[in-house]
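Chain by chain, the residues:
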Amino acid sequence: MSIDTEPTELPRIAIVVGSTRPGRRSRLVADWVRHCAEQYLDGRASIELLDIADFELPLLDEPVPAAIGQYTRPHTLRWAEQVGRCDGFVFVTPEYNHAMPASLKNAIDYLFAEWNDRAAGFVSYGLTGGVRAVEQLRLSLAEVKVATVRSQVALNLFSDFELPDMLEVGELAPGGHHGAVLERMLDEIVDWANALRGLRSRASV
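Residues numbered from 1 in each chain as written. Predicted model: local features only at pLDDT ≥ 70, side-chain atom pairs only at ≥ 80, totals over all residues. Heavy atoms only, no water.

By the naming in an unreviewed UniProt entry, the chain goes by NADPH-dependent FMN reductase and is assigned to Enemella evansiae.

Q: Go over the pattern of salt bridges with me, naming the residues and quoting the values.
A: Inspection of every chain in the model, using the stated rule, returns 12 salt bridges. A salt bridge links Arg 27 to Asp 31; its shortest N-O distance comes to 3.3 Å. A residue pair is termed a helical-turn pair when its members lie 3 or 4 positions apart in one helix, as Arg 27 and Asp 31 do in helix α1 (residues 26–40) at four residues. Residue Arg 27 is classed as partly exposed on the basis of its relative accessible area of 32%. Its salt-bridge partner being Arg 197, residue Asp 87 comes within 3.3 Å of it at the nearest N-O pair. Residue Asp 87 is located in the loop between α2 (74–84) and β3 (88–94), and its partner Arg 197 is located in helix α5 (residues 176–203); the two are separated by 110 residues in the primary sequence. The two residues Asp 87 and Arg 197 agree in class, both being buried. Linked through salt bridges whose partners overlap, the residues forming this network are Arg 24, Arg 27, Asp 31 and Asp 51. (Salt bridge = Lys/Arg side-chain N within 4 Å of Asp/Glu carboxyl O. Helix = DSSP H or I, 4+ residues; strand = E, 2+ residues; numbered from the N terminus. Buried < 20%, exposed > 50% of the residue type's maximum accessible area, 1.4 Å probe, protein only.)

Q: Requested: an account of the nonpolar core, with residues and values cited.
A: In terms of nonpolar packing, the biggest core is built from 32 residues, with Val 29, Val 33, Val 90, Val 123 and Leu 155 touching the most fellow members. Among the secondary structure elements, those contributing two or more residues to this core are β1 (12–17), α1, β2 (46–51), β3, β4 (118–126), β5 (146–156) and α5. In terms of residue count, α5 provides more of this core than any other element does, eight residues in total. Setting aside anything within four residues of it in sequence, one finds Val 29 in contact with Val 92, Val 123, Tyr 125, Leu 155, Phe 161 and Leu 172. One finds Phe 55, Trp 79, Trp 115 and Phe 122 within the second-largest nonpolar core, a separate group that totals 29 residues. (Core = buried A, V, L, I, M, F, W, Y, C linked by side-chain atoms within 4.5 Å. Contact = heavy atoms within 4.5 Å.)

Next comes the structure, spelled out in structure tokens:
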């Protein structure tokens, strides 16, 4: 007799706000992604927001490596609970000095098993679209067993934002082509998230 272990709930996709800097634009971008995802994936996925600023993670302070899975700090346990309940992620990240923000790398390093066999895509922004931050992110996420999709939204500060004053957050005004790329990326994330949920279900039997 075969047992059906395939999950029946909608995949849960979290939009991760990847910067904690005061005056950040990442929340502006994340809200746009969330709005688009909720409309486009209606009935196909559950969408939520994970803002790492809300978790107040200090510079990694766990005494045991994350791969051991023995978390001791209350902030780690809270972060692990929220990440572990997700099936996929959209990482929203700026590019700071040719790299991802230190706060985002720190948030990734806190956990291990909670990232395993999940899917992820990227929406980046910066003077060159934030693409170099994503190149770093792909490497770090591969090490914690996250499957990253090919399609990526890269927003340029000069052409996709209205910034009369660079010291202000400004407004997001993405070019029309970004919407189609975002939808393609979301399709890829949901497909991979569904496939990897099955893998995790079989591994836990």
